[in-house]
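Structural overview for review
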Amino acid sequence: MHSRHADWEALSLRWVFGALAAVAIVFLVAPSLIVILTSFTSSYSLKFPPEGLSLRWYAALADAHQMQRAAWNSLLVAFWTTLISVVLGTGGAIAIARSRAVWARACDLLFMSPLLLPALAFGFAALVYIHLLGFQPSIPFLVLGHVIVCAPFVLRTSIAALSQLDPALLDASYSLGANWWTTFRRITLPLIGRGVGAGAFLAFMASFDNVPVSLFLADARTEVLPIHLWQQIETNLDVRTAAVSGLIVIATLVLMVVAEKFAGLTRQMR
Amino acid sequence: MSKSITRREFLVAGAAVGTVALLPARALAQEKQLVAATFPGTWNEAHREILAPAFRKRAKATVTQSIILAHDQVSRLTAAKGSRAPFDVAIFDSPQVLDAVKEGLIVEYPAAKSPHFKELLPQYRDKWGPVISMQVIGIGYNPKRIKTPPKSWDELFDPKYKGRVGLTALNSQLGIAFLAELNRINGGSETDFEPAFKALKKLLPNVGAIGANLGAYATLWQQEQIDIAPYNFNFVATLSGKGVPVALSIPTTGAVGWHTSLHVVANAAEPDLAVQYIDTHLDPVVQAEMMKAPFNVIPTNAKVKLEGAITQSIGKTHAELARIRGFDWSKLNPQRGALIDRFNREIRL
Amino acid sequence: MKFRESQLALPLAALFVAFFVAPLAVLIGLSLSGEPELEALSLQQYVKFFTDRFNYSILWSTILLGVKATLVCLAFGYPIAWICARSSPRWQSVIVFLVILPILTSVVVRTFSWIVILGRHGVLNKTVLWLGLADEPLDLLFTEFGVVMVLAQVQLPLMVLPILTVLSRTDPNLADASKALGAGEWRTLWRITVPLSLPGVIAGCILTYAACVTAFVTQTLIGGARLIYMPLHIYQQAVGANNWPFAATISVIFMVAVLLVVWVLNRLARVSRGFTHA
C-alpha cells in the first residue's frame, strides 16, 4: 500500500515535470524550425504552413549584395573579437583563477560585469566616449566594444577549466626544470584547451549576433548583419529574411556540432 | 601529446586562414562604396531592386542603402556636422529640405554633372536636389472587408470600425501629413493643431493599433488587424502586389501629397559617386521601371509617360499631378518636435 | 612565478579600464550635465526624468516586464533542468544541446520566427482556432503578453543552465535519504531539492532578468510603438532626438535599476546558500 502510494507520487511528479519540460523544449526549438520551413515558401507571404515549396528565396539571397556585405562585416568583426578575447581572456583567467587575493576577486567582478550591465547602455557610453576622444565609429572601435561584451564568455569557461586543473601537474613540471612558458605551452594549454575553445565559440557567436553594442558603434558604412536584418524586419515583410534566418540557424547548428566534437561544448556548459 | 599538437596546429592554421581571409576584405574595401539613405517599405525595395543594380552598372561601385526616416536623417547629419557624414546621399520629403538647407547639411546639387537633370519637369528641378517623386496619401482599406471604397476621412470615425482603424506614429511623413490634413478638414491651420488633436481623441475609441513604424504598419495590414487607415499610395501598391488585402481610395476632399528628393550631403565621403547615384534615379529608364507594379513610384522625368495604377487612382497627366495639394512646411516644421511629443503622450491605447 | 601570473591580467584589465570603465564614467558625467551649457554639473536631467510620468512609467513597465518573463522562464526552466539532471549522460548532452541552440542562434532570427508564429494568421492562432479555444484570432503581436512570451523563450536557456549545474552537483544521497525516511516525491522536492537548488535558481533569475530587461530587439519587434521600454527609450533619445545628455541619464537610471534588482537577488542567494551548509 505504502509503496504503491509512493509509486504514484513518483510517477505524478515525473509526469508533471516531464510534460512541462517537453512543452518547454518544444517552445525552445519550434520557432527556429518554423522559420526554416517558412523560408521554403514559393509565395511572398510568411505563412506557416507555407503555400507551395520552392528554393527561390534562397536563390534570391545571391543577389542580396548588401546583406552579403553585412554578413562579411559581421564575420570579420567576430573573428577579430574572438581572437583578442581569447588572447586577453586566457591571460586574465590564468591570473585570477586560482588566486584568492582581493584584487583577483575585484578583477573577476570587473570582467564579468558587462554580462550584467545593460549592453545597450554600454554601447551608447562607448559612442559618447569615442566622440569625446574626437573619433568616429569604425571597425576597430566596434571590435573593441565587442571584446568587452564577449571576453567574459572566454573568461568563464577558461576559469572553469583552470579550476579543474590539478596544480600538482604544474608543480611536477616545474620541479622537472621546465620554465613557466614551457609548462604553459605543454601542460596548461592542452588541458584547458577545450574550455578555451568552448569560450571562443561562445564569444564568436555572441559577437556575430550582437545588437546592443553594434547599434551604436556600427554605422551605415560598417553595417553588420543583425542590425541589417532588424532593419529589414522592421520595414519589410520580406521572405528573404526567412531564408537568411534559415541559413543562420543551420550554420549555428553545424558550428555547434563541430564545437561539441572538438571542445565538448555541452560539458562546458554544465 | 599528439592530440595537443594537432590542436595547436589547428589553432595556427586557423589564424593563418583568418589572415588570408582578411586579404579579400581589403580588396573588397578597395571597390568604392557609396552609402545612401532610403525610406522603408516600397522605397527600400525599389531602390534595392532597380536603382542599386543600375548604379552598380554605371559607376562600377557598390552602394549600401541604409533605411532611415527623413527626420532621423536630419538628426544624424546634424550630430555629425563638421566631420565626415554618416551617409553620402540623403532622401528627404519636402519638410526636411528646408531644415537641411538652414542647417547647412546638404550642398547645392551640381546640375552640370548630372545629364538627366534637365529632363525633369521644371517644378522638380530644385537647386538643392532634384525631386525624384511625389508621394500621395489616401484612405487605405481592406477590400475584403470593406466593399465600397471610403470617400471621406470622416468614415474613419464611423463606429462600425471600432477597434479596426490604424494609425502610424508621427515619426513618419505619413503620420504628419495625415495629422495636417485632418487638421485642415477640421478647421485648423499650420499654426493651430488643436482641431487635429481633438479629432484624434475622438477617433481613439476606433483605433485598433498604432504602428511604430511603416514596417509594423505593413504587418498590421498583412495580419488583418486593421481594416481602414491613412496610407501611402506607393506602399499600398507594394503590399497588394504581395497578396496583402489592401487598396487605396482618394477621398473627395482631394489627394494630399509632398515631394521626395535626393541630395548630396555636406562632407560626404564620395560626393562624385553621390551625384552619379542621384542622376541614375533621374534616368527615364529607371523611373519607368519604378513606375511599374508593384512599386508605382510617380515619375518626375518629363520623358516618362504616365501609365498603370497611377493613372487610375491619382492623375492621368503630369499636369494633373502638379495640382495635388501640399502644405506650408516652413510653418509646420518648427512645431514638429512638439507635435510628436504631444502625439506620444495623448494618443496612446 | 605567481607574480608573473598575475601580470597576465594586466592587458585585459587595461582594456576594460580604458574602454569599459572610462566610457561609463563619461556617461555618468554626461548625465549630470545641464542644458544648454554642458559644462555645469546639475541634476537637471534626473529631475526631468522623474518628474515626468511618461518616463517613470517606462521604467516601471520595463522592470515589471523583466519580472514577468523571469517567472515564466522559471516555471518552464526548472522542469527541464530537473528532468535533465536525472537523465542518462547521453540524454543530458542532447537536452543541453537543444537548450543551448536557441541562445546561440541570432536573437533577430528567433524574434522574427515569433512574428511569423504570433500573427493573426500564424501557427498559434490557427491552432487556437482549430482547438476551438477562441472564436476570433487572438491579438498577440504588439501586446505585452506577446513580448513576455517571446522573451521567455529567447532567454529560457539562461535559466536552465545554472539550475542544471546546481542540480547535477546535488548529492543524490540527500533525496534518497528523504525518501527512505518516508517522504513522498513531491515533499522531497519541496523540502530538499528546491532549497538545495536555490543558489542555481537565483543565479538563473539574475541572468534571465538582466537579459530580459535589455532585450532591445525582442521588445521592439514584438512590442511595436505602443510598448516603449527603457532600451527603446534610450535609443530614441540618443539616435532619434539626438538628446545625448538625457539619453545618458536614462541609461544611468536603467543601469542602476538593473543592478539594484541583481543586488537584491544576490543577497537572497547568499541567504539561500545557508541551506546547503545548515
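For the structure itself, look to the data block above.
Report on the accompanying structure. The model shown is predicted, which means the values in this text are computed figures rather than measured ones.

Here is what the cut-offs are and how they apply
- Residues numbered from 1 in each chain as written.
- Chains lettered and ligands numbered in written order.
- Predicted model: local features only at pLDDT ≥ 70, side-chain atom pairs only at ≥ 80, totals over all residues.
- Heavy atoms only, no water.
- Helix = DSSP H or I, 4+ residues; strand = E, 2+ residues; numbered from the N terminus.
- Buried < 20%, exposed > 50% of the residue type's maximum accessible area, 1.4 Å probe, protein only.
- Rg over C-alpha atoms; globule rule 2.2 N^0.38 Å.
- Contact = heavy atoms within 4.5 Å.
- Areas by Shrake-Rupley, 256 points an atom, 1.4 Å probe, with all protein chains shown as cover.
- Lys, Arg positive; Asp, Glu negative; His and termini not counted.
- Charge placed at Lys NZ, Arg CZ, Asp CG, Glu CD.
- Phe/Tyr/Trp six-rings, centres within 6.5 Å; stacked < 30°, edge-to-face > 60°.
- Salt bridge = Lys/Arg side-chain N within 4 Å of Asp/Glu carboxyl O.
- Axes fitted to C-alpha atoms, helices over the stretch in contact; angles between N-to-C directions.
- Parallel < 35°, antiparallel > 145°, perpendicular 65-115°, else oblique.
- Left-handed = near helix turned anticlockwise from the far one by under 90°.
- Nonpolar A, V, L, I, M, F, W, Y, C, P; charged D, E, K, R; others polar.
- Patch = residues over 30% accessible without salt bridge, like charges linked within 9 Å, V, L, I, M, F, W, Y side chains within 5 Å.
- Buried area = accessible area lost by both parts, 1.4 Å probe.
- Polar contact = N/O pair within 3.5 Å; in protein donor to acceptor, adjacent residues only side chain to side chain.
- Expected span 1.5 Å × (residues − 1).
- Bend = angle between axes of the 7 residues up to and from the residue.

Focus on the overall build of chain C
- The helix and strand inventory of chain C stands at 13 helices and 0 strands.
- The secondary structure elements of chain C, listed N-terminal to C-terminal, are α-α-α-α-α-α-α-α-α-α-α-α-α.
- In terms of principal-axis extent, the alpha carbons of chain C reach across some 75 × 70 × 30 Å.
- Sorting the 278 residues of chain C into buried and exposed places 57% on the buried side.

Overview of the overall build of chain A
- The secondary structure content of chain A amounts to 12 helices and 0 strands.
- Each helix (α) and strand (β) of chain A, taken in turn from the N terminus, gives the series α-α-α-α-α-α-α-α-α-α-α-α.
- For chain A, whose C-alpha radius of gyration is 23 Å, the value lies well above the compact-globule estimate of 18 Å for 270 residues.
- In terms of overall dimensions, chain A has C-alpha extents of about 80 × 70 × 30 Å along its principal axes.
- In chain A, buried positions account for 59% of the 270 residues.
- Once local pairs closer than 6 in sequence are excluded, the contacts in chain A between residues at least 24 apart make up 69%.
- For chain A, the exposed area adds up to about 11,100 Å²; of that, 70% sits on carbon and sulfur atoms.
- Charged side chains of chain A number 17 positive and 13 negative; the gap between the two group centres comes to 8 Å.

Some points on the packing of aromatic side chains
- Here the structure, examined in full by the defined rule, presents 33 aromatic pairs over all chains.
- Measuring from centroid to centroid gives 6.3 Å for phenylalanine 17 of chain A and tyrosine 78 of chain C, while their planes differ by 75 degrees, and the two rings are edge-to-face. Here phenylalanine 17 of chain A is found in helix α1 (residues 2-38), whereas its partner tyrosine 78 of chain C is found in helix α4 (residues 53-85) on a different chain. Each member of the pair, phenylalanine 17 of chain A together with tyrosine 78 of chain C, is buried.
- Residues phenylalanine 55 of chain B and tyrosine 277 of chain B carry aromatic rings whose centres are separated by 5.3 Å and whose planes lie at 80 degrees to one another, so their mutual orientation is edge-to-face. In this pair, phenylalanine 55 of chain B sits in helix α2 (residues 42-59) while tyrosine 277 of chain B sits in helix α9 (residues 271-282), placing the two residues 222 residues apart along the sequence.
- The exposure class of tyrosine 277 of chain B is buried, given its relative accessible area of 1%.

Side note on the pattern of salt bridges
- Using the criterion set out here, one finds 22 salt bridges over all chains in the structure.
- Between aspartate 88 of chain B and arginine 221 of chain A there is a salt bridge; the shortest N-O distance is 2.8 Å. With one member in each of two chains, aspartate 88 of chain B in the loop between α3 (70-79) and β3 (89-93) and arginine 221 of chain A in the loop between α9 (212-217) and α10 (225-235) form a pair that bridges those chains. Judged on exposure class, the residue aspartate 88 of chain B and its partner arginine 221 of chain A are both buried.

Focus on the packing of α4 of chain C against helix α8 (residues 144-169) of chain C
All names here are of chain C.
- Packing of α4 against α8 brings their axes to within 5 Å, and their N-to-C directions diverge by 45 degrees. As summarised for this structure, α4 and α8 are arranged oblique, according to the angle between their axes. You can see that α4 and α8 cross each other, and the crossing is right-handed.
- In the contact of α4 with α8, the residues fall into 22 nonpolar, 5 polar and 2 charged.

Details of a nonpolar patch on the surface
Residues and elements named next belong to chain A.
- Side chains of Ile250, Val254, Val258 and Phe262 sit close together on the surface and give an oily, nonpolar patch of about 350 Å² of accessible area.
- As for its placement among the helices and strands, isoleucine 250 is situated in helix α11 (residues 239-263).
- Here isoleucine 250 falls in the partly exposed class, since its relative accessible area comes to 40%.

With respect to helix α6 (residues 194-203) of chain B
- Where α6 of chain B is concerned, the buried positions are Pro195, Ala196, Phe197, Ala199, Leu200 and Leu203 of chain B.
- Tucked inside the fold, the buried residues of α6 of chain B contact β5 (165-168), α5 (173-185), β6 (207-211) and α14 (336-346) of chain B.

Considering the interface of chain B and chain C
- Taken together, the contact pairs 20 residues of chain B with 16 residues of chain C.
- Summing the contributions of chain B and of chain C, the shared interface buries around 1,500 Å²; its carbon and sulfur component is 50%.
- Considering only the surface of chain B that becomes buried against chain C, Gln223, Gln225 and Arg345 of chain B emerge as the three largest contributors, covering 31% of it.
- Along the contact surface separating chain B from chain C lie 1 salt bridge.
- The partner of arginine 345 of chain B in a salt bridge is aspartate 52 of chain C, and the shortest N-O contact between them spans 3.0 Å.
- The interface formed by chain B and chain C includes 1 residue pair in polar contact (both at pLDDT 80 or more).
- Of all the elements in the fold, those that place two or more residues in the side of chain B that touches chain C are α3, β6, α7 (214-222) and α14 of chain B.
- The class makeup of the residues in the side of chain B that touches chain C is 6 nonpolar, 8 polar and 6 charged.

Here's the deal with the environment of asparagine 243 of chain C
- Position of asparagine 243 of chain C relative to the elements: it lies in the loop between α12 (230-240) and α13 (244-277).
- Spatially, the C-alpha atom of asparagine 243 of chain C lies 45 Å from that of serine 197 of chain C, the residues being 46 residues apart in sequence.

Comments concerning the interface of chain A and chain C
- Each side of the interface is counted separately: chain A has 89 residues, and chain C has 89 residues.
- Across the interface of chain A and chain C, roughly 8,400 Å² is buried in total on both sides, 83% from carbon and sulfur atoms.
- At the boundary of chain A and chain C, one finds 7 residue pairs in polar contact (both at pLDDT 80 or more).
- It is α1 of chain A that contributes the most residues to the side of chain A that touches chain C, 21 residues altogether.
- Here the side of chain A that touches chain C is composed, by residue class, of 66 nonpolar, 14 polar and 9 charged.

Some details on unusual backbone geometry
All names here are of chain B.
- Looking along the chain, the bond that leaves alanine 293 and enters proline 294 is cis, with omega of 0 degrees.
- Relative to the elements of secondary structure, proline 294 occurs in the loop between α10 (284-291) and α11 (309-313).
- In this model, lysine 60 sits at a positive phi of 55 degrees, which is unusual for a non-glycine residue.
- Tracing the sequence through the fold places lysine 60 in the loop between α2 and β2 (62-67).
- On the accessibility criterion, lysine 60 (63% relative accessible area) is exposed.
- The phi dihedral of asparagine 296 is positive, around 50 degrees, even though this residue is not glycine.
- One can find asparagine 296 in the loop between α10 and α11.

Some points on helix α4 (residues 102-116) of chain A
- The end-to-end C-alpha separation of α4 of chain A is 21 Å, in line with the 21 Å expected for 15 residues at 1.5 Å each.
- Leucine 110 of chain A marks where α4 of chain A bends most, by close to 25 degrees; the proline proline 114 of chain A follows one to four residues later.
- Turning to α4 of chain A, its buried residues number three or more, namely Ala104, Cys107, Asp108, Phe111, Met112, Ser113 and Pro114 of chain A.
- Buried residues in α4 of chain A make contact with α3 (65-97) and α6 (139-164) of chain A together with α2 (10-31) of chain C.

What to know about the side chain of threonine 193 of chain C
- With respect to the secondary-structure elements, threonine 193 of chain C resides in helix α10 (residues 185-213).
- Apart from residues lying up to four places away in sequence, threonine 193 of chain C is in contact with Tyr78, Trp82, Leu167 and Thr188 of chain C.

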